[in-house]
Amino acid sequence: MEGLVPVQRLSIKVASPSLYRCNNSVSIRRSISGFAMDRKRNFRAPSQFSIRAQQSDLKESLAVSSSSVEDKGNVLRIKEWEVEMYQEELAISQGIRIRRKPPSKAPLGYSGPFELRLHNNDADSPRNILEEITWYKDVEVSRMKELNPLDVLKKAVEDAPPTRDFVGALRMAHKRTGFPGLIAEVKKASPSRGILKENFDPVEIAQAYEKGGAACLSVLTDQKYFQGGFENLEAIRSAGVKCPLLCKEFVVDPWQIYYARTKGADAVLLIAAVLTDLEITFLLKICKKLSLAALVEVHDEREMGRVLGIEGIELVGINNRSLETFEVDISNTKKLLEGEHGRQIRERDMIVVGESGLFTPDDIAYVQAAGVKAVLVGESIVKQNDPEKGIAGLFGRNISHT
Ligand SMILES: O=C(O)c1ccccc1NCC(=O)[C@H](O)[C@H](O)COP(=O)(O)O
């Protein structure tokens, strides 16, 4: 069986009908009722993350159909697996290359078209860093959820201080300075660059950025790959820094949005290379409910097209770095803002953020001419002994309030 083609390279039509032809006694339609799939194989309800939340519903149905606890467990696993397969197909159909989990064999006892997804050793390793991070997040979030259940977070959010206006701060800075509003990144290390700053003091850096005229800050909260942490976000917020804060995370689950809000975030990052349109739509709704801004990041034309088709997006980031290959090319910003996409963005008065690889006043001028009203900058300023002066160097002028 080894070496056979994973199912995503087979026709989607082969696999999808299994959702309806499921040969278990509880139909998959019933078991994932919260997903409410229609005949065109579109999810209608925004619950595709909530497989765990669906479990109580599912367990109820299984009580009717299965005799032993073991049987019920197996049926549940099969159904979870089928939903995952279906979600992956949906992602592939939107051009998403990042797989959300390592491909797994069908659970024991499953018989149906999804069985064609046979084990393939190569497919068990992440294909690039973004995929690796995404797989790791899935495990990390499950662990963190146990320590901080969603119910508890929801209560904490009720008592949390109000958020600051992230988008408003960028617009104001653009107006005040005539330059793109700066989102300055508090980042100790990255997978592509290694350690950027040895004696890393997040609060000191944040304060220096604010003094230097940053409109907003981006705080890396991922520990494993960026040596960041939610404690940095909390510490910066508690230290009295006034700039709105972006929680720079790899969001794969709505739980992370609630968590970010309790830790002092004013905005979160959503990466289109990882999330389906429906997931983005759903996460945007949660952001809105929690008064958080969302920076939706794209890297190519296809992702830009998808994001422009989603309602309610105010802030689009164009990453000049491929998170699959690490290649950085600032002409990516220009390319993605040309033609019809650029026209729609101007017409809708969206703020585009040029991200990554910006080092000089010429770089800033280049992306500004391409149409960005904000920039997200890490390496070139965090590496400076004096990050406040680093900002003046980046813009070729002092952009602080003084
Ligand atoms: O930077 C990386 O190595 C990286 C790897 C995998 C996922 C994301 C990654 N970086 C996130 C970013 O794109 C940057 O932190 C951000 O845009 C700032 O870029 P820069 O000014 O070049 O530090």
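The name given to the protein in an unreviewed UniProt entry is Indole-3-glycerol phosphate synthase, with the source organism recorded as Arabidopsis suecica. According to the UniProt record, the Pathway (unreviewed entry) comment for the protein is "Amino-acid biosynthesis."

Surveying the vicinity of the ligand reveals 20 residues, the closest of which are Glu 185, Lys 187, Ser 192, Ser 356 and Gly 378. Arg 321 is positioned such that a nitrogen or oxygen atom in its side chain is 3.0 Å from an oxygen atom of the ligand. At 2.8 Å, a backbone N or O of Glu 379 approaches an oxygen atom of the ligand. For the ligand, the protein covers 98% of the area, taking 530 Å² as the surface of the free molecule.

Turning our eyes to something else, we now look at unusual backbone geometry. Its identity as a non-glycine residue notwithstanding, Gln 227 has a phi of 55 degrees, on the positive side. With respect to the helices, strands and loops of the structure, Gln 227 is situated in the loop between strand 4 (216-220) and helix 10 (230-238). Despite not being glycine, Ser 356 has its phi angle at roughly 80 degrees, a positive value. Examined against the element boundaries, Ser 356 turns out to sit in the loop between strand 9 (351-355) and helix 16 (361-370). The class for Ser 356 is buried, based on a relative accessible area of 12%.

Judged by nonpolar contacts, the single largest core of 102 residues is most densely connected at Leu 182, Tyr 209, Leu 217, Ile 257 and Leu 270. The dominant element in this core, judged by the number of residues it contributes, is helix 12 (residues 277-289), at six residues.

A few words on empty space enclosed by the protein. Here the structure, examined in full by the defined rule, presents five cavities of 30 Å³ or more. Lys 187, Phe 226, Lys 248, Arg 321 and Leu 323 are the residues nearest the centre of the second largest cavity, which is lined by 30 residues in total. When residues of the lining of the second largest cavity are traced back to their parent elements, those giving at least two are helix 6 (129-147), strand 6 (267-271), strand 10 (374-377) and helix 17 (379-382). In terms of residues, the lining of the second largest cavity owes the most to one element, helix 6, which gives three residues. Across the lining of the second largest cavity, the residue classes break down as 15 nonpolar, seven polar and eight charged.

As summarised here, the arrangement of the eight strands in space is 1-4-5-6-7-8-9-10, forming a closed barrel in which the pairing is parallel. On average, each strand axis in the sheet is inclined to that of its neighbour by 25 degrees, with strand direction left out of account. Across four bridges, the pairing between strand 7 (residues 293-298) and strand 8 (residues 315-319) is parallel. Each residue of the ladder has a partner; that of Val 296, found in strand 8, is Val 316. Along the sheet, helix 8 (residues 166-177) makes contact with strand 1 (181-186), strand 4, strand 5 (245-248), strand 6, strand 7, strand 8, strand 9 and strand 10, crossing strand 1 at roughly 125 degrees. Lying on the sheet, helix 10 is in contact with strand 1, strand 4 and strand 5; it crosses strand 5 at an angle near 175 degrees.

Conventions we followed
- Positions within a chain are numbered from 1, following the residues in the order the chain's sequence is written.
- In keeping with the predicted nature of the model, local features appear solely for residues at pLDDT of at least 70, side-chain atom pairs appear and are counted solely at 80 or more, and the whole-chain, interface and lining totals rest on all residues.
- Where side-chain values are given, they derive from all heavy atoms of the structure, hydrogens and water being excluded.
- UniProt positions are given in the numbering used here, feature names are shortened, and annotations may be inferred rather than shown by experiment.
- Residues are classed as near a molecule or strand on a simple rule: at least one heavy atom within 4 Å of it.
- Think of a polar contact as two N or O atoms within 3.5 Å of one another; within protein, one of them needs to be a possible hydrogen donor and the other a possible acceptor, and neighboring residues in sequence only count if both atoms come from side chains.
- Areas reported as accessible are Shrake-Rupley estimates using a 1.4 Å probe. Residue values count occlusion only from the protein chains shown.
- Secondary structure follows DSSP: runs of H or I at least 4 residues long count as helices, runs of E at least 2 residues long count as strands, and numbering of each begins at the N terminus.
- Here's how the labels work: a residue is buried when its accessible area is under 20% of the maximum for its type, exposed when over 50%, partly exposed in between, all with a 1.4 Å probe on protein chains only.
- Among buried residues, those of type Ala, Val, Leu, Ile, Met, Phe, Trp, Tyr and Cys that are joined through side-chain atoms within 4.5 Å constitute a nonpolar core.
- Any residue with an atom within 4 Å of a point lines the site, the site being either a cavity, points on a 1 Å grid over the protein atoms alone where a 1.4 Å probe fits but cannot get out, or a pocket, an open set with protein on both sides within 12 Å along at least 5 of 7 lines.
- Grid points are joined across faces, edges and corners, and a volume is the space filled by probe spheres set on the points.
- Put simply, Ala, Val, Leu, Ile, Met, Phe, Trp, Tyr, Cys and Pro go in the nonpolar bin, Asp, Glu, Lys and Arg in the charged bin, and everything else, Gly too, in the polar bin.
- For two strands to be treated as a pair, DSSP must find no fewer than two bridges joining them.
- All axes are obtained by fitting lines to C-alpha atoms, using only the stretch in contact for helices, and the reported angles, taken between N-to-C directions, cover 0 to 180 degrees.
- Only heavy atoms matter for contacts: two residues are in contact if any of them lie within 4.5 Å across the pair.

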